[in-house]
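Working through the structure, step by step
Okay, here's what each chain looks like letter by letter:
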Amino acid sequence: MIGSLQEFRDYAQERGNDAPTSAPDDQARAALVRASDHIRFAYLRRFAAGYDETSANVAPATYEAALLELATPGFFANTFTPGEQKVLTEAKGIKWQVLGDGANAGAAPVSTRIEDMLSGYMAQPVGLLTL
């Protein structure tokens with residue numbers, strides 16, 4: 001588990017969210033464990049050399065994920081099929097456009113806050129030049 005139950009509760013309370021403190025220990029801990037799994041499997045493996053789960057923003061990002069997991073257990077376990085990945089293109093006639101080519105296997109929820117918190121640790125994508 002990344003971080004601790006007490007640090008998760010402190011992090012949330014500092015931001016005016018008492019959900020982790022109000023939740024029973026087993027529910028709050030389970031949310032933190034699921035969030036830790038999400039951060040490990042979705043982000044840590046993509047970190048550049050020199051960064052790991054002890055890097056400064058990793059625990060706070062995990063607490064953000066845990067807040068989502070506490071509010072909706074299994075939040076990051078959801079997947080969306082290509083047909084569910086669509087955008088509304090016309091309101092009157094209610095038309096939707098599937099995103100991408102529809103060949104991808106699916107997608108999972110993403111938190112823009114977590115993405116922002118961890119973006120500085122990500123390895124540079126292949127093919128980009130740095131000058």
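Computed from a predicted structure; not experimentally measured.

Further remarks concern the packing of helix α1 (residues 5–14) against helix α4 (residues 58–71). Viewed as axis vectors pointing N to C, α1 and α4 meet at an angle of 85°, and their least axial separation amounts to 10 Å. The angle between α1 and α4 falls in the class roughly perpendicular. For the pair α1 and α4, contact is made by E7, F8, Y11 and A12 and by P60, Y63, E64, A66, L67 and L70, respectively. Split into classes, the residues belonging to the contact of α1 with α4 amount to eight nonpolar, no polar and two charged.

Let's shift gears to the pattern of salt bridges. For the coordinates displayed, the defined rule picks out five salt bridges. Across the salt bridge formed by R34 and E69, the nearest N and O atoms sit 2.6 Å from each other. Linking R34 in helix α3 (residues 25–42) with E69 in helix α4, this pair joins segments that are 35 residues apart in sequence. What makes E69 buried here is its relative accessible area of 2%. R40 is the partner of E53 in a salt bridge, and the nearest nitrogen-oxygen pair spans 3.2 Å. With E53 in the loop between α3 and α4 and R40 in helix α3, this pair connects stretches of sequence that are 13 residues apart.

Inspection of the secondary structure puts V58 in helix α4. Accessibility expressed as a relative area gives 0% for V58, which makes it buried. Residues V58 and G3, 55 residues apart in the sequence, show an inter-C-alpha distance of 8.7 Å. When sequence neighbours within four positions are dropped, the list of residues in contact with V58 reads I2, I39, L44, F47, D52, E53, L118 and Y121.

This part is about α3. The first and last C-alpha atoms of α3 sit 25 Å apart over 18 residues, in line with the 26 Å expected at 1.5 Å per residue. Among all positions of α3, only A28, A31, L32, A35, S36, H38, I39 and A42 are buried. Buried positions in α3, seen along its axis, are confined to an arc of 160° and lie on one side of it. Exposed and oriented more than 90 degrees from the buried face of α3 are D26 and F41. Considering only its buried residues, α3 is in contact with α1, α2 (19–22), α4 and α5 (112–118).

The rules behind each value
- Residues numbered from 1 in each chain as written.
- Predicted model: local features only at pLDDT ≥ 70, side-chain atom pairs only at ≥ 80, totals over all residues.
- Heavy atoms only, no water.
- Axes fitted to C-alpha atoms, helices over the stretch in contact; angles between N-to-C directions.
- Helix = DSSP H or I, 4+ residues; strand = E, 2+ residues; numbered from the N terminus.
- Parallel < 35°, antiparallel > 145°, perpendicular 65-115°, else oblique.
- Contact = heavy atoms within 4.5 Å.
- Nonpolar A, V, L, I, M, F, W, Y, C, P; charged D, E, K, R; others polar.
- Salt bridge = Lys/Arg side-chain N within 4 Å of Asp/Glu carboxyl O.
- Buried < 20%, exposed > 50% of the residue type's maximum accessible area, 1.4 Å probe, protein only.
- Expected span 1.5 Å × (residues − 1).
- Arc of directions from axis to C-beta.

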